[in-house]
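Chains, contacts and geometry: an overview
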There are 2 protein chains.
Amino acid sequence: MRRAVSKNLYIVIAGCGRLGSLLANDLSKQGHSVVVIDRDESRFAELSAEFSGFTIVGDATEIEVLRRAKSNQADCFLAATNRDNVNLMLAQVAKTVFQVPIVIARIFDPSHEVVYQQLGIATISPTRLSAQAFQDAITQSGRGQP
Amino acid sequence: MRRAVSKNLYIVIAGCGRLGSLLANDLSKQGHSVVVIDRDESRFAELSAEFSGFTIVGDATEIEVLRRAKSNQADCFLAATNRDNVNLMLAQVAKTVFQVPIVIARIFDPSHEVVYQQLGIATISPTRLSAQAFQDAITQSGRGQP
């Protein structure tokens, strides 16, 4: 399922929850340089023994914390905290202040998606992806065919 | 992004949260017969004005509630409550007691996935789907290419 990303990239991830930690582990394993930021140090326990990146305990909504993560050098920034509004704000800052080329925000509430798109921020909606996967599963089963 | 599912199906959805309500609205719009179950009646406010299915206020972990939803006639059953353990249980009951042909459980914690697979239950993991979408976004940007 996972395609390898070959070039070595510098990736900053805000939020070390399920998505943040999964990506940090995967991307680090693929050879990328990863920095994960979380306010709660205990979250870093989700990082695997092979994780070779850096962790920063701090609030990613503080510019100083993003500076410590060297966000200005980042190729990618993923806003993956558990709050949609925080992710929107972080994505905007990563894009405008630190000029990160690839900025993606995870959003839980699909109704917020329009706001992000208007601001030119790429989003990943777990809810929409799951709904699509469910519909694909029905179609693949043959029951949903005409 | 959404592919239409053409044949009319009878679909039972347990949990009217973000995923449950999104799917209920979409599938109903496509002409399917949808029944949504939730313990919390206020959740049904998320259903659109065009939703033409049925709602049942009740705990889906009670067999009687699943019977009221006519689960034995369902083509598809989606366990989309907010608790992984509940979804696992519901999926098992839908499969074994009501013999629903297509049973899918949404799970938040990817580490639970193995348990489901061992039990032969199809799962949808928003976390994995999101991680894959993020990796695809990097690859598509060209930065992740060799």
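Just above, that's the structure.
For the structure given in this document, a descriptive report is provided here. (Residues numbered from 1 in each chain as written. Chains lettered and ligands numbered in written order. Predicted model: local features only at pLDDT ≥ 70, side-chain atom pairs only at ≥ 80, totals over all residues. Heavy atoms only, no water.)

Quick notes on the sheet that holds strand β5 (residues 102-106) of chain A
Our working definition: In this scheme, strands are said to pair when DSSP sees at least two bridges between them. Counting from the N terminus, the helices are the DSSP runs of H or I reaching at least four residues and the strands are the DSSP runs of E reaching at least two. Angles here are taken between N-to-C directions and fall from 0 to 180 degrees, while the axes themselves are lines fitted to C-alpha atoms, restricted in helices to the stretch in contact. Whether two residues are in contact is decided by their heavy atoms: any pair within 4.5 Å suffices.
In spatial order, the strands read β3-β2-β1-β4-β5-β6 (chain A); together these six strands make up an open sheet with parallel pairing. In the strand order of this sheet, the two ends are held by β3 (54-57) and β6 (122-124) of chain A, each with one partner. Taking each pair of neighbouring strands and ignoring which way they run, the sheet shows an average axis angle of 20 degrees. Relative to β3(A), strand β2 (residues 33-38) of chain A is paired through four bridges, and the arrangement is parallel. By the bridge assignment, A:Val36 is partnered in β3(A) with A:Thr55. Helix α3 (residues 84-96) of chain A contacts β1 (10-14), β4 (76-79) and β5 of chain A of the sheet and is inclined by roughly 175 degrees relative to β5(A). Across the sheet, helix α5 (residues 126-141) of chain B is in contact with β1, β4, β5 and β6 of chain A; its angle to β5(A) comes to roughly 165 degrees.

As for the sheet that holds strand β5 (residues 102-106) of chain B
All names here are of chain B. One open sheet holds the six strands; their spatial order is β3-β2-β1-β4-β5-β6, and the pairing between them is parallel. Each end of this open sheet is capped by a strand with a single partner; those strands are β3 (54-57) and β6 (122-124). Geometrically, the sheet is characterised by an average inter-axis angle of 20 degrees between neighbouring strands, direction not taken into account. On top of the sheet, helix α3 (residues 84-96) reaches β1 (10-14), β4 (76-79) and β5; it is set at about 175 degrees to β5, its chief contact.

Brief notes about α3(A)
Residues and elements named next belong to chain A. Just so we agree on the cut-off: To estimate the expected span of a helix, subtract one from its residue number and multiply by 1.5 Å. Each residue gets one of three labels from its accessible area relative to the maximum for its type: buried under 20%, exposed over 50%, partly exposed in between, using a 1.4 Å probe on protein chains only.
With 13 residues, α3 extends 18 Å between its outermost C-alpha atoms, agreeing within 8% with the 18 Å of an ideal straight helix rising 1.5 Å per residue. Taken residue by residue, α3 has Asp-84, Val-86, Asn-87, Leu-88, Leu-90, Ala-91, Val-93 and Ala-94 as its buried positions. Elements in contact with the buried residues of α3: β1, α2 (63-68), β4, β5 and α4 (113-118).

Details of the pairing of β1(A)
Most of β1(A) is tucked away: five of the five residues are buried. Going residue by residue along β1(A), you find A:Tyr10, A:Val12 and A:Ala14 tucked away on one face and A:Ile11 and A:Ile13 tucked away on the opposite face as well.

Thoughts on the side chain of B:Asp75
Heads up, the rule is: What qualifies as a polar contact is a pair of N or O atoms within 3.5 Å, subject to a donor-acceptor requirement within protein and to the restriction that residues adjacent in sequence count only when both atoms come from side chains.
Take B:Asp75: it is sitting in the loop between α2 (63-68) and β4. Side-chain polar atoms of B:Asp75 contact the backbone nitrogen of B:Tyr10, separated by 2.8 Å.

Overview of the environment of A:Gly15
Residue and element names in this part refer to chain A. Along the chain, Gly-15 falls in the loop between β1 and α1 (18-29). Sequence separation between Gly-15 and Asn-87 is 72 residues; the distance between their C-alpha atoms is 9.3 Å. Excluding residues that lie within four positions of it along the chain, Gly-15 makes contacts with Gly-20, Val-36, Ile-37, Asp-38, Ala-80 and Thr-81.

Quick word on the packing of α1(A) against α5(B)
Note the following rule: Any angle that falls under 35 degrees is termed roughly parallel, while one over 145 is termed roughly antiparallel, one within 65 to 115 roughly perpendicular, and all others oblique. Should the near helix be turned anticlockwise from the far one by less than a right angle, the crossing is termed left-handed; should it be turned clockwise, right-handed. Lys, Arg, Asp and Glu make up the charged group, whereas Ala, Val, Leu, Ile, Met, Phe, Trp, Tyr, Cys and Pro make up the nonpolar group; the residues left over, Gly among them, are polar.
Their axes nearest at 9 Å, the elements α1(A) and α5(B) cross at an angle of 50 degrees. Put simply, α1(A) runs oblique to α5(B). Here α1(A) runs over α5(B); the crossing is right-handed. Contacts from A:Arg18, A:Leu19, A:Leu22, A:Leu23, A:Asp26 and A:Leu27 of α1(A) reach α5(B) at B:Thr127, B:Arg128, B:Ser130, B:Ala131, B:Phe134, B:Gln135 and B:Ile138. In the contact of α1(A) with α5(B), the residues fall into seven nonpolar, three polar and three charged.

Considerations on the pairing of strand β2 (residues 33-38) of chain B
All names here are of chain B. With five of its six residues buried, β2 lies for the most part within the structure. Pairing analysis gives five bridges linking β1 to β2, with the strands arranged parallel. Residue pairing for β2: Ala-14 is matched across the bridge by Ile-37.

So, unusual backbone geometry
Here the phi dihedral of A:Gln99 falls at roughly 45 degrees; this positive angle occurs in a residue that is not glycine. Summarising the element assignment, A:Gln99 is placed in the loop between α3 and β5. The phi angle at B:Lys70 is positive, at roughly 55 degrees, despite the residue not being glycine. On the basis of relative accessibility, which here comes to 44%, the residue B:Lys70 falls in the partly exposed class.

A word on the packing of helix α5 (residues 126-141) of chain A against α5(B)
With their axes 9 Å apart at the nearest point, α5(A) and α5(B) run at an angle of 105 degrees to one another. For the element pair α5(A) / α5(B), the angle class is roughly perpendicular. Note on element contacts: α5(B) touches α5(A) through B:Pro126, B:Leu129, B:Ser130 and B:Ala133, opposite A:Pro126, A:Leu129, A:Ser130 and A:Ala133. Taken together, the residues of the contact of α5(A) with α5(B) sort by class into six nonpolar, two polar and no charged.

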